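Summary of structural features
As a plain string of letters, each chain reads:
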Amino acid sequence: MNANSDFVKRDLAAVWHPCTQMKDHEWLPLIPIRRGQGVWLEDFDGKRYLDAISSWWVNLFGHANPRINTALGRQLQELEHVILAGFTHQAVVELSERLVKITPPGLTRCFYADNGSSAVEVAVKMSFHYWRNCGKTQKTRFITLTNSYHGETLGALAVGNVALYKETYRPLLMDVISVTSPDCYAREAGESWESHTRKMFAHMERALEQHHDQVCAVIIEPLVQCAGNMRMYHPVYLELLREACDRYGVHLIADEIAAGFGRTGTLFACEQAGIAPDFMLLSKGLTGGYLPLSVVVTREEIYQAFYDDYATLRAFLHSHSYTGNALACRAALATLDIFRDDDVIAQNRALAAHMGRSVVQLADHPQVAEVRQHGMILAMEMVKNKHKRQPYPWQERRGLTVYQHALQRGVLLRPVGNVVYFMPPYIIKESEIELMARVAAEGIDLATREA
Ligand SMILES: *Cc1c(COP(=O)(O)O)cnc(C)c1O
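The text that follows walks through the structure, step by step, so that each part is easy to find.

Here is what the cut-offs are and how they apply
- Numbers given to residues run from 1 along each chain, matching the order in which its sequence is written.
- Local features in this predicted model are restricted to residues of pLDDT 70 or higher, and side-chain atom pairs are both shown and tallied only at a pLDDT of 80 or more, whereas totals for entire chains, interfaces and linings draw on every residue.
- Where side-chain values are given, they derive from all heavy atoms of the structure, hydrogens and water being excluded.
- Every helix listed is a DSSP run of H or I at least four residues long, and every strand listed is a run of E at least two residues long, numbered separately from the N terminus.
- Multiplying 1.5 Å by the helix residue count minus one yields the expected span of that helix.
- For every residue, the accessible area obtained with a 1.4 Å probe (protein chains only) is divided by the maximum for its type, and the residue is called buried under 20%, exposed over 50%, and partly exposed between those limits.
- For each residue, the test is whether any non-hydrogen atom lies within 4 Å of the molecule or strand; if one does, the residue is near.
- Contacts described as polar in this section are N or O atom pairs within 3.5 Å, which, within protein, must combine one atom able to donate a hydrogen with one able to accept it, while residues neighboring in sequence count only if both atoms come from side chains.
- Residue-level accessible areas treat just the shown protein chains as cover; the underlying method is Shrake-Rupley with a 1.4 Å probe.
- By the convention adopted, Pro, Cys, Tyr, Trp, Phe, Met, Ile, Leu, Val and Ala count as nonpolar, Lys, Arg, Asp and Glu as charged, and the other residues, Gly among them, as polar.
- Here, the term nonpolar core denotes a set of buried Ala, Val, Leu, Ile, Met, Phe, Trp, Tyr and Cys residues that are joined through side-chain atoms within 4.5 Å.
- The split into domains, and so the bounds of each, comes from an automatic or database assignment of domains.
- We call two residues in contact when some of their heavy atoms are within 4.5 Å.
- Strand pairing follows a simple DSSP-based rule, namely that at least 2 bridges must link the two strands.
- What counts as an axis is a line fitted to C-alpha atoms, over the stretch in contact for a helix, and the angles between N-to-C directions run from 0 to 180 degrees.
- Read the arc as the range of directions from the helix axis to the C-beta atoms.

1. A look at helix H14 (residues 430-447)
With 18 residues, H14 should reach 26 Å at 1.5 Å per residue; the first-to-last C-alpha distance of 25 Å fits that figure. Among the residues of H14, those classed as buried are Glu432, Ile433, Leu435, Met436, Ala437, Val439, Ala440, Ala441, Gly443, Ile444 and Ala447.

2. Some details on the site of the ligand
Every residue near the ligand is listed here: Trp57, Asn115, Gly116, Ser117, Tyr149, His150, Gly151, Glu221, Asp255, Ile257, Ala258 and Lys284. Between Asp255 and the ligand, the recorded distance is 2.6 Å, taken from a side-chain N or O atom to a nitrogen atom. Here the ligand loses 83% of its free accessible area of 380 Å² to cover by the protein chains. Here the shell around the ligand is built from residues that sort into four nonpolar, five polar and three charged.

3. Quick look at the nonpolar core
Buried together is how nonpolar side chains tend to be arranged in soluble globular proteins. Met204, Met230, Phe261, Met380, Leu413 and Phe422 are the most contacted members of the largest nonpolar core, which totals 114 residues. In terms of residue count, helix H11 (residues 326-341) provides more of this core than any other element does, 10 residues in total. When we break this core down by domain, the ones giving at least three residues each are domain 1 (31-64 + 345-447) and domain 2 (68-342). With sequence-adjacent residues up to four places away left out, Met380 is seen in contact with Val359, Leu362, Val368, Glu370, Val371, Asn418, Val419, Val420, Phe422, Ala440 and Ile444. Listed in part, the 25 residues of the second largest apolar core include Val122, Cys216, Ala217 and Val296.

4. Focus: the sheet that holds strand S4 (residues 107-113)
Backbone hydrogen bonds are what pair the strands of a sheet, in a parallel or an antiparallel way. Here we have seven strands laid out as an open sheet, ordered S4-S12-S11-S10-S7-S5-S6, and mixed in their pairing. The strands lining the two open edges of the sheet, one partner per strand, are S4 and strand S6 (177-179). Adjacent strand axes in the sheet meet at a mean angle of 20 degrees when their direction is disregarded. Sheet strands in contact with helix H5 (residues 116-133) are S4, strand S5 (141-145), strand S7 (215-220), strand S10 (251-255), strand S11 (279-282) and strand S12 (294-299), and its direction is about 25 degrees off that of S12.

5. Things to note about helix H1 (residues 3-14)
Taking 1.5 Å per residue, 12 residues should reach 16 Å; H1 reaches 17 Å between its end C-alpha atoms and fits that length. For H1, the complete set of buried residues consists of Asn4, Val8 and Asp11. Down the axis of H1, the buried set is contained in an arc of 65 degrees. They therefore lie on one face. Among the exposed residues of H1, those oriented more than 90 degrees off its buried face are Lys9, Arg10, Ala13 and Ala14. In this structure, the buried residues of H1 make contact with strand S2 (40-43).

As structure tokens, this is what we get:
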């Protein structure tokens, strides 16, 4: 028995994997990873895989990054963790100061949790509770976009809209107001992203006009609906939404958990519309892909609405055991140091352009409906009929063929449905981009070969 299969056997006897039909592993090999270095992962048999999806969109500067490793080593000698209620520590103070500095103007307060879904729960509860503290107890509802994704806990699942994850649990979920997404894949042939996006805002305007009295907040993923098949839209939507939320007295929650930290071409996606949300949610890339941490950054006025004598019971009593974990905060600080010291956003612009060039021929592929890109996220949508944009039935699992082919060729691609995408660490080299593109093109050919 080789080293891989020994681990796989032990794993399958004891581990239940996320987002997985475990029966698939009767024929789909599980891959035990022994070490990571830069963009590469290595299994126990010594086979290497280029991590083209940043290990579920979290890694920014490579595995075993020397700068983050060093910072964590030092932190480990000082303090691993301490309760954040009644106590504080250097890393969380520094991180909060720096987040306030780099996020859009007006965001002054950081509330921590330990994963993206929990940050969504925090923002939903905080928005509702803010309005309650202001005497607006009729505000109990949330507006969300179709095809949106905000995580898997019950509150996050309720404000999300991907049927595959949501449908089963519907009886457990709060009711939300669902507005048609500005998703530009749905635009008319020849129409610009901007024009389609503007047009789709009419749905949001109508929902706000009709329901604003009962609505606490609109929650959106700025620019890219990542888990919803990497669908994209124009920044003008955020501009229009900011203005409308102000006009109707409704909060704007920007879920930048996937889009933040340089993914879409700017440090935060909201920058492309020049707006500041009332709540900005960050996780995933926040620690460079090292440790679980999330944060809700919000405005002073919201903080002040909770600030009162204890007996008024206006405080926000939410907590998680690992809130503000010192190691995770240190990893986040080391990640922000890299953004500060290297010209990451400018370098990403060059890498993004190279990614675009590397798959330019796929736009003409008879089974690829669209190649779309926002910065360091590039997606290719496989379809049964390009002219009619008719999707392949999900049961055919065409994306899985791409996944399997890529693994064989030493690249980790993990399509969402029929959409193959690249979301690599920012330290990827041009030659590695070309490898990733070549393997994706082969995989798409293979997956779409028979009708
Ligand atoms: C991944 C993701 C979440 C959930 O984060 P978890 O850490 O997986 O709970 C929420 N919103 C968006 C936009 C995401 O991509």
